[in-house]
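Architecture at a glance
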Amino acid sequence: MNVRTLRFKLGLTNGLFISIFFVVFGYIRYQTFTYRADRNFDRRLEQQADFFSENLRSTPEGFDWEPSATPADVMALDAIRPFFVLTDLEGRILREEYYGYYVQRMLDAQDLNEILHRPSGFTDAASSEGRRFRFISSTISFPSGQKVVLHLGRSLDELNDMKREYWLIWAYSVPLVLIISVGVGWFLAARALRPFGEVANIAEQITSQKLNTQIVNVRREQEIQRLVQSFNAMVARLSRSFEQMRTFNANVAHELRTPLAILQGETEVALRSSKMSEEIRSVLISNLEELGRLTRIVNDILTLSEVEAGSQILEKKPVNIRTLVADLSEQMQLLAMERNIRIEVEELPDAIVEADDLWIRRAILNLLDNAIKYSRDGGRIQVSMVRDETRVHVSIRDEGIGISEQDQPHIFDPMFRTDPARHRDSGGAGLGLALVKWVIEAHQGQIRVKSQTNQGAEFQLEFPLSRSPGFTPA
Ligand code: ADP
């Protein structure tokens, strides 16, 4: 589980808030409940004491119930009698019920003493076994002027059980509520965040070539609509800037071509003249080389901006990759020989691919050229090809300076050159592989590089085979 996700944070915050609310609310509820229950208990004790007092009468034989009491009253009195004691104002017992005797034995002596001497009010008492009781004392005045005190008690067990039950239910439900609310929060956060994921997925597919892609606003939620709108606006702005950059590149390259061609031509004419010192001649030859290099770079920039603008159209027809690779390898062998480099071509199978011959040539030539450029003198380059049912795989492997792992993801970016390549000053500008990649992908193919620093590099190409029937390879 990733704790740094918004989903986790939302789920957890939701769970915590609901749980804190539940705990605080539960606590307040518990307090009001106990306060009310205690008050009801006392009120009922008061009512029972009043009822007793009303039905008590003093006779010469002692104290007894009103004979006029209805059977229902007698029953009600009987029910509350167990904890009933009658004393005089000094606390001497005047009448106690049968059960009252046990109550007296049961209660803590000090508590009992306190109760018996109390003329009015409530007293809490405990039994030796730990049971709890609450007594009310109230003074009754008879018309004869005699005053007695009535002490009436009730067990607090039921009330305490009720309170404990209430507390336990509340305490047990806290973790339950926490789990449920975290779960619900987790689920809701996932649902709420799903559209953002969808937007991100579409955004990931947008590349510099597909900058005109706009996300279709299918969601009705305002926040998502805003996000999509600002995203689309940003992509549109980017697209405009890219377009301006592309046009600028193309224009600059275009403008540079003519003066470069003139400079090249004039230098060549000047070199034909015999009236010049050897020193000037060598300067002019070096200039001509540099001009050639500049022209190549300018042409590549122009081609790349055309490719990116989508104005290059491929003319595809069935091409046998075997002959193309074999021819180019042979051609490049001449160049390689200057530095004692061998190009070894394995036995190649025929493989027909729907391709634009010129562009594919250009791509493979570029790879062979790089292999030579970045090889050491006297090195070896291996060219091989494998064909399966649907695809052909071409591999060009050298034993040169190699490409470090951190540079590999960038070598297909325009103008990217590795540091060792810069030091060699091979004349490249880092545009070749960007074009190669475009060519291969425009043929529904793929290009990969496998390399390690100083251990050579292998470029692997892969194209789908042509499915058009009736072609016989040359
Ligand atoms: P360049 O004109 O500089 O060769 P490319 O686009 O053809 O430009 O290649 C980009 C960079 O990739 C090169 O500058 C070089 O650093 C690296 N590279 C390409 N091919 C090889 C290879 N065969 N061996 C080592 N490095 C290579």
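Everything in this summary refers to the structure shown in the same document. From a predicted model like this one, the values you see are computed outputs, not experimental measurements.

Description of the nonpolar core
- Counting residues in hydrophobic clusters, the biggest one holds 50 residues, and the most contacted among them are Ile-364 and Phe-459.
- It is helix H9 (residues 357-373) that contributes the most residues to this core, 8 residues altogether.
- Dropping the residues within four chain positions of it, Phe-459 is found in contact with Leu-367, Val-394, Ser-395, Ile-396, Ile-403, Ile-411, Phe-412, Leu-433, Ile-447, Arg-448 and Val-449.
- If you look at the next biggest cluster of nonpolar residues, it comprises 20 residues, including Ala-37, Leu-45, Ile-140 and Leu-152.

Let's talk about the site of the ligand
- Contacts to the ligand come from 21 residues, most closely from Asn-370, Tyr-374, Arg-417, Thr-418 and Leu-433.
- In the environment of the ligand, an oxygen atom lies 3.3 Å from a nitrogen or oxygen atom belonging to the backbone of Gly-430.
- Take Gly-432: an N or O atom from its main chain is 3.2 Å from an oxygen atom of the ligand.
- Computed on the free molecule, the ligand has an accessible area of 520 Å², of which 98% lies beneath the protein chains in the complex.
- Those elements that place two or more of their residues in the shell around the ligand are H9, helix H11 (432-442) and strand S14 (457-464).

Quick look at the packing of aromatic side chains
- Per the stated rule, a full pass over the model turns up 7 aromatic pairs.
- Judged by centre distance (6.2 Å) and plane angle (35°), the rings of Tyr-30 and Tyr-166 are tilted. On the criterion of sequence distance, the pair formed by Tyr-30 in helix H1 (residues 6-55) and Tyr-166 in helix H5 (residues 157-205) is long-range, its members being 136 residues apart.
- Take Tyr-30: its relative accessible area is 17%, and that puts it in the buried class.

Some points on the sheet that holds strand S9 (residues 342-345)
- Across the sheet, which stays open at both edges, the 5 strands sit in the order S9-S11-S12-S14-S13 with mixed pairing between neighbours. Each end of this open sheet is capped by a strand with a single partner; those strands are S9 and strand S13 (446-451). Along the sheet, successive strands turn relative to each other by an average axial angle of 15°, direction set aside.
- On the sheet, helix H8 (residues 321-337) packs against S9, strand S11 (380-387) and strand S12 (391-398) and is oriented at approximately 165° with respect to S9.

Concerning the environment of Ser-127
- Locating Ser-127 in the fold gives a position in the loop between strand S5 (121-126) and strand S6 (132-141).
- Looking at Ser-127, the relative accessible area reads 6%, which means it is buried.
- With residues up to four places along the chain from it excluded, the contact list for Ser-127 reads Met-106, Leu-107, Asp-108 and Phe-133.

Things to note about the pattern of salt bridges
- Applying the stated criterion across every chain, the model contains 21 salt bridges.
- The salt bridge involving Arg-293 is made with Glu-290; its shortest N-O contact spans 3.7 Å. Of this pair, Arg-293 and Glu-290 both sit in helix H7 (residues 278-309), 3 residues apart, roughly one helical turn.
- Residue Glu-290 is classed as partly exposed on the basis of its relative accessible area, which comes to 44%.
- Where Arg-361 meets Asp-357, a salt bridge forms, and the shortest distance between an N and an O atom there is 3.2 Å. Of the two residues, Arg-361 and Asp-357 both sit in helix H9, 4 residues apart, roughly one turn of that helix.
- For Asp-357, a relative accessible area of 22% gives the class partly exposed.
- Residues participating in the shared-partner salt-bridge network are Arg-342, Glu-344, Arg-380 and Glu-399.

Concerning the packing of H1 against H5
- Packing of H1 against H5 leaves a shortest axis separation of 7 Å and a crossing angle of 160°. Judged on the interaxial angle alone, H5 and H1 are roughly antiparallel. Remark: the crossing between H1 and H5 carries right-handed chirality.
- Considering only residue class, the contact of H1 with H5 consists of 26 nonpolar, 9 polar and 4 charged.

Calculation rules
Residues numbered from 1 in each chain as written. Predicted model: local features only at pLDDT ≥ 70, side-chain atom pairs only at ≥ 80, totals over all residues. Heavy atoms only, no water. Core = buried A, V, L, I, M, F, W, Y, C linked by side-chain atoms within 4.5 Å. Buried < 20%, exposed > 50% of the residue type's maximum accessible area, 1.4 Å probe, protein only. Helix = DSSP H or I, 4+ residues; strand = E, 2+ residues; numbered from the N terminus. Contact = heavy atoms within 4.5 Å. Near = heavy atom within 4 Å. Polar contact = N/O pair within 3.5 Å; in protein donor to acceptor, adjacent residues only side chain to side chain. Areas by Shrake-Rupley, 256 points an atom, 1.4 Å probe, with all protein chains shown as cover. Phe/Tyr/Trp six-rings, centres within 6.5 Å; stacked < 30°, edge-to-face > 60°. Pairing = 2+ DSSP bridges. Axes fitted to C-alpha atoms, helices over the stretch in contact; angles between N-to-C directions. Salt bridge = Lys/Arg side-chain N within 4 Å of Asp/Glu carboxyl O. Parallel < 35°, antiparallel > 145°, perpendicular 65-115°, else oblique. Left-handed = near helix turned anticlockwise from the far one by under 90°. Nonpolar A, V, L, I, M, F, W, Y, C, P; charged D, E, K, R; others polar.

By themselves, these observations are geometric and do not establish any function.
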